[in-house]
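Now for the letters of each chain:
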Amino acid sequence: MLRWLALASLIGAVGTGYRGWPAASQTSGERAAWNRPFQPFHLIGNIHYVGATGVSAFLITTPAGSVLLDGGLPETASQIAGNIADLGFRLSDVKYLLNSHAHFDHAGGLAEVKRLSSAMMVASDRDAQALRSGSPDMPALVVDRVIRDGETVRLGDTALTAHVTPGHTKGCTTWTTTTTERGRAYTVIFYCSTSVVDRLVGNTQYPEIVADYERTFSRLRTMSSDVFLGPHPAFFDMEAKRQCRALPKCPIRPPGSSGMGSGRATVI
Ligand SMILES: [Zn+2]
């Protein structure tokens, strides 16, 4: 887990060409590369990948409807809608929208997805403020439920727990759940992000940023999972997972065989 967090932070800061917030600092070429279509696929259990090549979106399906985590860029929304349909699910069955964090590349598409689905938007208190205000590249939207640290969103047979891990944004939220495949229960973490895209020293907009990062790092060190996922596919080697799932029988390792000390951070 630690190895992945360090790698994910590094990739988040440099590897994807991410030059920080706001959107104006991104070139149109980088943005187009992020938004390149990616064939949706079944990840594990009731979790499906429905995002683009460089920005994630996850569909968690249950007998009572679905949950969508993240909406990509504003221009990713229609792609997510198409990906959900391509997998045989319906956008109108999405009951809850969740967000890793209120940045344009993960929340920019949420307003449009909400309009198309009428789903209930759930966000942490401090990111809810940013979502409600919006920005030039992140259309404002109504947040229907503010979720506190440790609280859970329940739908059908699935529970998703919010862990507020601030720093990357003030309300950055890491979500966890358990999913079942072939009779085995796997723990899943949807890591928010810890890459540094904001000023750490003299940040008058966010004076507690360093203390928040320190607390978040300590906390994430205590969390482990069977499956590690995140807001950018480069954080979790999505292509390898897609290739595995394309096999007649993807060799998913048993629960508990990942995490620190195992040499690998994920079972798939
Ligand atoms: Zn971000």
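Residues numbered from 1 in each chain as written. Predicted model: local features only at pLDDT ≥ 70, side-chain atom pairs only at ≥ 80, totals over all residues.

Caption draft 1: Spatial organisation of the overall build of the chain. Within the chain, the secondary structure is distributed over eight helices and 12 strands. Out of the 268 residues in the chain, the part that is buried amounts to 48%. (Helix = DSSP H or I, 4+ residues; strand = E, 2+ residues; numbered from the N terminus. Buried ≥ 20, exposed ≤ 12 C-beta atoms within 10 Å, placed from the backbone.)

Caption draft 2: Up close: the packing of helix 3 (residues 77–86) against helix 5 (residues 110–117). The N-to-C vectors of helix 3 and helix 5 enclose an angle of 45°; their axes lie 8 Å apart at closest approach. Taken together, helix 3 and helix 5 sit at an angle that is classed as oblique. Here helix 3 contributes Ala77, Ile80 and Ala81 to the contact with helix 5, which in turn contributes Glu112, Val113 and Leu116. Within the contact of helix 3 with helix 5, the residues separate by chemical class into five nonpolar, no polar and one charged. (Axes fitted to C-alpha atoms, helices over the stretch in contact; angles between N-to-C directions. Parallel < 35°, antiparallel > 145°, perpendicular 65-115°, else oblique. Contact = placed C-beta atoms within 7 Å. Nonpolar A, V, L, I, M, F, W, Y, C, P; charged D, E, K, R; others polar.)

Caption draft 3: Focus on the sheet that holds strand 10 (residues 173–181). One open sheet holds the five strands; their spatial order is 8-9-10-11-12, and the pairing between them is mixed. Both edges of this open sheet fall to strand 8 (152–155) and strand 12 (227–229), since each of them pairs with a single strand only. Each neighbouring strand pair of the sheet contributes to a mean axis angle of 20°, computed without reference to strand direction. Relative to strand 10, strand 9 (residues 158–164) runs antiparallel, the two sharing four bridges. Bridged to Ala162 within strand 10 is Trp175. (Pairing = 2+ DSSP bridges.)

Caption draft 4: How the structure looks around unusual backbone geometry. Unlike most non-glycine residues, Asp70 shows phi in positive territory, near 80°. Topologically, Asp70 is positioned in the loop between strand 4 (65–69) and helix 3. In this structure Asp70 comes out as buried when scored by C-beta crowding, with 27 C-beta atoms within 10 Å. Even without a glycine there, the phi angle at Asp237 is positive, about 50°. Positionally, Asp237 belongs in the loop between strand 12 and helix 8 (238–246). Taking the C-beta count within 10 Å as the criterion, Asp237 has 17 such neighbours and is therefore assigned partly exposed.

Caption draft 5: The environment of Pro63, seen in detail. Inspection of the secondary structure puts Pro63 in the loop between strand 3 (58–62) and strand 4. Look at Pro63 and you get exposed, because 9 C-beta atoms sit within 10 Å. Sequence-distant contacts of Pro63, defined by excluding residues within four places in its chain, comprise Gly156 and Asp157.

Caption draft 6: Highlighting the sheet that holds strand 4. Pairing in this open sheet of seven strands is mixed, and the strands run 1-2-3-4-5-6-7 from one edge to the other. One side of each edge strand has no neighbouring strand; the edge strands of this open sheet are strand 1 (41–44) and strand 7 (145–147). Here the strands of the sheet are splayed against their neighbours by 30° on average, with no regard to which way each runs. As judged from the three bridges shared by strand 1 and strand 2 (residues 47–49), these two strands associate in the antiparallel manner.

Caption draft 7: The arrangement of the confidence of the model for the chain in detail. For the chain, per-residue confidence averages 90 on the pLDDT scale, and residues scoring 70 or more make up 88% of the total. Confidence over residues 6–25 falls short of pLDDT 50; this stretch has 34 contacts with residues more than four positions distant or in other chains. (pLDDT = per-residue confidence, 0-100.)

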